[in-house]
Amino acid sequence: MTWCAVLVLAAGTYLLRLSGLVLRERMSLSPRTERLLDLGATALLVALLATAALTQDGGFAGWARTGGVAVGALAAWRRVPFVLVVVLAAATTAGLRLLGVP
């Protein structure tokens, strides 16, 4: 990815976030619409997590990484401090790789 593309995406992201702050006072959404927008944002984050965590070089990343992601997700769901979530996920992945799990 070129620097130009990165800068354009950064500017677009910033403007999108800024528009939310500016338009918040001018528009009113129904509670159902707000709930759907929240669910849509959550779905996008989960999709990003899945593709980043479970694929590598266009293929499956292996069961060790999947196990680490699962342990990290479980720890985050249980509201464990973020640093501990990262350490648990990394330790799980490293441990599984030491045991020979691909």
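All values reported here derive from a predicted model rather than from experimental measurement.

**Student:** Help me understand the UniProt feature "transmembrane region" (unreviewed entry) in the protein chain in this model?
**Tutor:** Per the UniProt record, the feature "transmembrane region" (unreviewed entry) sits at residues 6-24, 36-54 and 82-100. Summarising residues 36-54: 100% helix, 0% strand, and an end-to-end C-alpha distance of 26 Å. Summarising residues 82-100: 89% helix, 0% strand, and an end-to-end C-alpha distance of 27 Å.

**Student:** Just to check I follow, could you spell out the packing of aromatic side chains for this structure?
**Tutor:** Each aromatic ring pair is characterised by the separation of its centres together with the angle its planes make. The final tally for this structure, using the stated rule, is 1 aromatic pair. Ring centres 5.1 Å apart and planes at 65° place the aromatic pair Phe-60 and Trp-63 in the edge-to-face group. Residue Trp-63 is classed as exposed on the basis of its relative accessible area of 57%.

**Student:** In this structure, what is going on with the confidence of the model for the protein chain? I would like to understand it.
**Tutor:** Caution applies to low-pLDDT regions: their predicted coordinates should not be interpreted in detail. Counting all residues, the mean pLDDT for the protein chain is 91, and 99% of those residues have values of 70 or more. The spread of mean pLDDT over the elements of the protein chain runs between strand β1 (residues 55-56), the lowest at 90, and helix α4 (residues 82-98), the highest at 96.

**Student:** Could you clarify how one ought to interpret unusual backbone geometry in this entry?
**Tutor:** The phi angle of most residues is negative, glycine excepted, and most peptide bonds adopt the trans form. Even without glycine at this site, Asp-57 takes up a positive phi of about 55°. Mapped onto the fold, Asp-57 is located in the loop between β1 and β2 (59-60). The phi dihedral of Arg-79 falls on the positive side, at around 65°, and the residue is not glycine. Here Arg-79 lies in the loop between α3 (63-77) and α4. The exposure class assigned to Arg-79 is exposed, which follows from its relative accessible area of 76%.

Calculation notes
- Residues numbered from 1 in each chain as written.
- Predicted model: local features only at pLDDT ≥ 70, side-chain atom pairs only at ≥ 80, totals over all residues.
- Heavy atoms only, no water.
- UniProt positions renumbered as here; feature names shortened; annotations may be inferred.
- Helix = DSSP H or I, 4+ residues; strand = E, 2+ residues; numbered from the N terminus.
- Phe/Tyr/Trp six-rings, centres within 6.5 Å; stacked < 30°, edge-to-face > 60°.
- Buried < 20%, exposed > 50% of the residue type's maximum accessible area, 1.4 Å probe, protein only.
- pLDDT = per-residue confidence, 0-100.

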